[in-house]
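Here are the chains, one letter per residue:
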Amino acid sequence: MDPQKLCQNCQAPLADDAPHGLCPACLMKVALATATGAGQEKPGFTPPGIAELARKFPQLEIIELIGCGGMGAVYKARQKELDRIVALKILPPGVGNDDAFAERFTREAKALARLNHPGIITIHDSGQADGLYFFLMEFVDGVNLRQLLATGRVSPREALAIVPQICDALQFAHDQCIVHRDIKPENILLDRRGRVKVADFGLAKLVGERASLTDAGRVMGTPAYMAPEQARHPDDVDHRADIYALGVVFYQMLTGELPGKRIEPPSKKVHIDVRLDEVVLRALEKKPELRYQQVSEVKTSLEAFVPAATPVELKLKWPSPGKRIVFCFDMKQAIEDFGSGQPPYPLKYDIAIGFEYAFTVLKEVPEGGREVELELLEARIGTMAGGMTWQYDSAKKSSADPSSHSMVAATFGIIVGAKVRYFLDASHRIERMEGVDELMKQLKPAVPLAQPSNPSDPFVWVRNMFSNIFTETYFKRLAKLDRLLPPTAVQPGDSWTVLDAYPIEETRGDFKVVFQSWEMRADRPCARLEFQGVGKGTVKNNPETTLNTGSGMVLREGKWVEAGARVSNSILEGTTSGVAWFDPELGLTHETNAINDFKMVKTISAVPTENPDTAGPAIHMPQKLHQVITVKLVSAG
Amino acid sequence: MATDESGGYSESRPAALFVTTHWSEVLAAGRGDTTRAGDALARLCQTYWYPLYAYARRRGCSPHDAQDLTQEFFARLLAGNWVAKADRQRGRFRSFLLSAMKHFMANEWNKASAQKRGGGQPILSLNDDSAEHRYRLEPAERATPESLFERGWAVTLLEGVLARLDEEYRRTGKQTWMEAMRPALTTDRESMDYAGMAQTLGITETAARVAAHRLRQRYRQLIRAEVAGTVASPEEVEAEMRHLFRVLTNG
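Each chain has its residues counted from 1, running along the sequence as written. Chain letters start at A and ligand numbers start at 1, both assigned in the order the entries are written. Local features in a predicted model are, by the rule used here, given only for residues with pLDDT of at least 70; side-chain atom pairs are given and counted only at 80 or more, and totals for whole chains, interfaces and linings are based on all residues. Computation of side-chain values covers all heavy atoms of the structure but excludes hydrogens and water.

**Quick word on the overall build of chain B**
When you go through chain B residue by residue, the secondary structure sums to twelve helices and zero strands. Helix and strand assignments follow DSSP, with helices taken as H or I runs no shorter than four residues and strands as E runs no shorter than two, numbered in order from the N terminus. Listing each helix as α and each strand as β along chain B from the N terminus yields α-α-α-α-α-α-α-α-α-α-α-α. Looking at chain B residue by residue over its 251 residues, the buried ones come to 53%. Working rule for contacts: check all heavy atoms of both residues, and any pair within 4.5 Å makes them a contact. The long-range fraction of contacts in chain B, counting pairs at least 24 apart against all pairs at least 6 apart in sequence, stands at 73%. Partly exposed residues are those whose accessible area sits between 20% and 50% of the maximum for their type, while under 20% is buried and over 50% is exposed, using a 1.4 Å probe and protein chains only.

**Some thoughts on helix α3 (residues 63–79) of chain B**
Helix span, expected: 1.5 Å multiplied by one less than the number of residues in the helix. End to end, α3 of chain B covers 24 Å across 17 residues, agreeing with the expected 24 Å (1.5 Å per residue, within 8%). Listed in full, the buried residues belonging to α3 of chain B are Ala 66, Gln 67, Asp 68, Leu 69, Thr 70, Gln 71, Glu 72, Phe 73, Phe 74, Ala 75 and Leu 77 of chain B.

**Quick word on the sheet that holds strand β7 (residues 188–191) of chain A**
Residue and element names in this part refer to chain A. With respect to topology, three strands assemble into an open sheet ordered β6-β7-β8, the strand pairing being antiparallel. At either end of the open sheet lies a strand with only one pairing partner, and these are β6 (142–144) and β8 (196–198). Between one strand axis and the next, the sheet turns through 30 degrees on average, direction left out of account. Two strands make a pair as long as DSSP finds a minimum of two bridges between them. Bridge analysis of β6 against β7 gives three bridges, and the strand direction is antiparallel. Between the N-to-C directions of two axes lies an angle of 0 to 180 degrees, each axis being a line fitted to C-alpha atoms and, for a helix, fitted only over the stretch in contact.

**Side note on the environment of Pro 288 of chain A**
Residue and element names in this part refer to chain A. Mapped onto the elements, Pro 288 comes out in the loop between α10 (274–283) and α11 (295–302). Put simply, Pro 288 and Glu 229 are 59 residues apart on the chain and 7.9 Å apart in space, counted from C-alpha to C-alpha. Beyond its immediate chain neighbours, meaning those up to four positions away, Pro 288 contacts Glu 229, Arg 240 and Gln 293.

**As for the sheet that holds strand β2 (residues 72–79) of chain A**
Sheet strands line up and pair through hydrogen bonds in the backbone, either parallel or antiparallel. Residues and elements named next belong to chain A. Overall, antiparallel pairing links the five strands, which are arranged β1-β2-β3-β5-β4 in an open sheet. Here the strands that pair on one side only, and so sit at the sheet edges, are β1 (60–69) and β4 (123–129). This sheet shows a mean twist of 25 degrees between the axes of neighbouring strands, independent of strand direction. The pairing of β1 with β2 spans eight bridges and is classified as antiparallel. Bridging from a neighbouring strand, Gly 69 pairs with Gly 72 of β2. Each of β4 and β5 (132–138) is contacted by helix α3 (residues 99–113), which is oriented at about 5 degrees to β5, the strand it contacts most.

**A short note on the pairing of strand β15 (residues 430–434) of chain A**
All names here are of chain A. For strand β14 (residues 419–424) and β15, the ladder comprises four bridges, and the chain directions are antiparallel. Looking at the pairing, Arg 421 lines up with Glu 434 of β15. Linking β14 to β15, which pair antiparallel, is a turn of five residues; within it His 428 sits at a positive phi near 65 degrees.

**Observations concerning unusual backbone geometry**
Residue and element names in this part refer to chain A. Within the chain, Asp 83 stands out as a residue other than glycine whose phi angle is a positive 50 degrees. Along the chain, Asp 83 turns up in the loop between β2 and β3 (84–90). At Asp 130, a position not held by glycine, the phi torsion is positive, near 55 degrees. Owing to a relative accessible area of 61%, Asp 130 belongs among the exposed residues under this scheme.

**Here's the deal with the pattern of salt bridges**
Residue and element names in this part refer to chain A. Whenever Lys or Arg places a side-chain nitrogen within 4 Å of a carboxyl oxygen from Asp or Glu, that contact is recorded as a salt bridge. Throughout the structure, instances matching the rule amount to 39 salt bridges over all chains. Across the pair Lys 269 and Glu 257 runs a salt bridge whose closest N-O atoms are separated by 2.8 Å. With Lys 269 in helix α9 (residues 266–269) and Glu 257 in the loop between α8 (240–255) and α9, this pair connects stretches of sequence that are twelve residues apart. On the basis of relative accessibility, which here comes to 34%, the residue Lys 269 falls in the partly exposed class. Close ionic contact of Arg 421 with Glu 371 constitutes a salt bridge, the shortest N to O distance being 3.6 Å. Of the two residues, Arg 421 is situated in strand β14 and Glu 371 in strand β11 (residues 370–385); the sequence distance between them amounts to 50 residues.

**Focus on the packing of α8 of chain A against α11 of chain A**
Residues and elements named next belong to chain A. At a minimum axis distance of 10 Å, the contact between α8 and α11 shows a crossing angle of 35 degrees. The handedness of the crossing between α8 and α11 comes out as right-handed. Residue-level inspection shows Ile 243, Leu 246 and Phe 250 of α8 in contact with α11, the latter providing Val 295, Val 298 and Leu 302. The residue inventory of the contact of α8 with α11, partitioned by class, reads six nonpolar, no polar and no charged. By definition, any crossing whose near helix is turned counterclockwise from its far helix by less than a right angle is left-handed, and any crossing with a clockwise turn is right-handed. Classification used: nonpolar for Ala, Val, Leu, Ile, Met, Phe, Trp, Tyr, Cys and Pro, charged for Asp, Glu, Lys and Arg, polar for all others including Gly.

**So, the packing of helix α1 (residues 24–32) of chain A against helix α12 (residues 237–250) of chain B**
The geometry of α1 of chain A relative to α12 of chain B is characterised by a closest axis approach of 9 Å and an angle of 155 degrees between their N-to-C directions. In terms of their interaxial angle, α1 of chain A and α12 of chain B are classed as roughly antiparallel. Where α1 of chain A crosses over α12 of chain B, the two elements pack in a sense that is left-handed. Between α1 of chain A and α12 of chain B, the residues in contact are Pro 24, Ala 25, Met 28, Lys 29, Ala 31 and Leu 32 of chain A and Glu 238, Met 241, Arg 242, Leu 244, Phe 245, Leu 248 and Thr 249 of chain B, respectively. Classifying every residue of the contact of α1 of chain A with α12 of chain B gives nine nonpolar, one polar and three charged. Any angle between 65 and 115 degrees counts as roughly perpendicular, while under 35 counts as roughly parallel, over 145 as roughly antiparallel, and the rest as oblique.

This is the structure:
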């Protein structure tokens, strides 16, 4: 016995004499398991034996009984003349023994024989043989959907490969005014290539009406898949009943369950794109007029969820020179500042800040570097702090209370429209910037200083915005995001871990990223990447440039005054989680929604300020920070 | 039918390739004197001699003696009318074989071995090396001779079925398929990596499911047919398979 070898399935040690390297116990277990899916339905009659059928169908060699249900029994057979394998379906004996039925059977059979579609089982022949009504049909060498579902949970990707094919087949029949009336997993066959073939069109009507006279409960279709109106008025249904049944099948494929009385959206049960809920639930509307009116609309709705058949590489690409990429960045943050613990602490601030800006690659340097131009298009800010609320929006030129914070409003008013040029090295790092100094020179005389701030450079935060915040959403993040992207080609369901990445600020931690599904963003198929990370690290604040953490301002008796000390080094820890939609073709993220939660767990050092009012040990620092960041690609010229 | 060759075994394959040996046929022949029943018995013996060899070894026979004993046992079994004497019970071949072997070892082996040495044609083509090699792989510690026999029986049966399955796929040029899908024979349905399988075979995930389903289906057919060949009536197949499952899980 080799202790290294374990059965992959039961984890028991694998004996050396394991046949073909397979665990004998598990082999026997699989052999014992009955294939679920077959013979779910109780037939309402005893299917005729092979010998009996052979007498009735001398032109056929009856091979075996392959299925039996309320609508009849199906045999695999060989047409001797053509040496062709066919499926022989016989209707329950006794279903029709009068002229009226015979006439109707002929009429229906004619209509069904016209259904020539690759997704519909072809009817070769039909008729009556020695009292038995029969159809001779195309034989599908595969399984039905019920059996397929029994082989394990079907992935959304697989469901999205199957359902549109059913839509095609149904639409074709509906166009010819043929309603299936009994769509259910047993009637959806899949051949060896995974192609759909819908069986038993119209059979429910043919068999059902007749049988309902004697045996209503048994053959009138399958209740779980039946549209409400079909249950109430079986004679008066249209193609929308098929759409409902398809909805049930779809629901079952996604969740593994039938929809309950109160239908729970599939995404509540399994992890799927929530937008699939809409499609499923609309198909399952109780009132036919609220459903999709054509089954082709179901297919169209699903086309948005383009599943890639093969794994794809998710790699960042720089836009070619001259292309203008416009981003919209919005960040909302809630800060809870515990300060000294004495009133007015704890203080709460809510800050919303947003920008719209365009990047254009001006030049590519042979060594891999680039010259990129940033143009700030719009800026907006709104804060609520200690009972004061104000906002500014460059697009509206609005400022609710310009007197108290005119500095920020005026600053924004000037910097909007500014162009800054970045010189980047091959790793997307900024080597130098051009244009910010000029901007700073403009600001000084133009903006009245409404409050004391860092006397050496009151606009240091502006420089910080250009060097950090804006670039963070694009090329700085490129370096970070690059690390979040998978090293190999991936497909939905794949996940990977990024070690030592940056959830927030200078913290270090591991990210887990999952490629959840393909989703459309701005009409483009994007990989939905869900990420989660935990990080911890020392943050070194430069008291000169720090904007968000340790701004050095304290609210005293309704006025902002400089704090007695600023935190210079602290330990932050926190988590980040979010979703990014990455467009592999564009090589860019269309949208990123991230939530950062972090707190300062320890102050390592603080720098005293010159304000005598607040001198002392009280350290002003955001202690808890909750950020919601959204970055959207507005256009990619 | 479309001539779709993308997976599984082909429908055009001769259906009778699986030559079942029928214990029930042997039993039905009563005295075991018809040629057909004799052939059937010989085939069963050829397949299931190893578990007896292992039994004899565990009972303390040397490799050489165990080989001799097995040979002689089968010679007597095929020549004589033990089957008729086998209480004429509608038992399973497995139980019959073990009780006959026990009886043989207790009552006739010494005499038989004395007569046998130095003459006669071997009934079975026993490859002693491979048998002994296999015996050495048996889980040694706790096994009783009987449990070793039963485990050997079950594994032999599975081997035969898997070899047939392989042969069918090979014949239709689907060996790669078989290799890729073999895990489907032991893996829980929920944990099958259909996506990976699809990628290996360059087919869609659904096609991979269909193929795995068909493989399991065919495997079940084959194993049931094989087990059916060792029991007296079709109704006993299920119980015999459950018994073998217990044997394998307790072993």
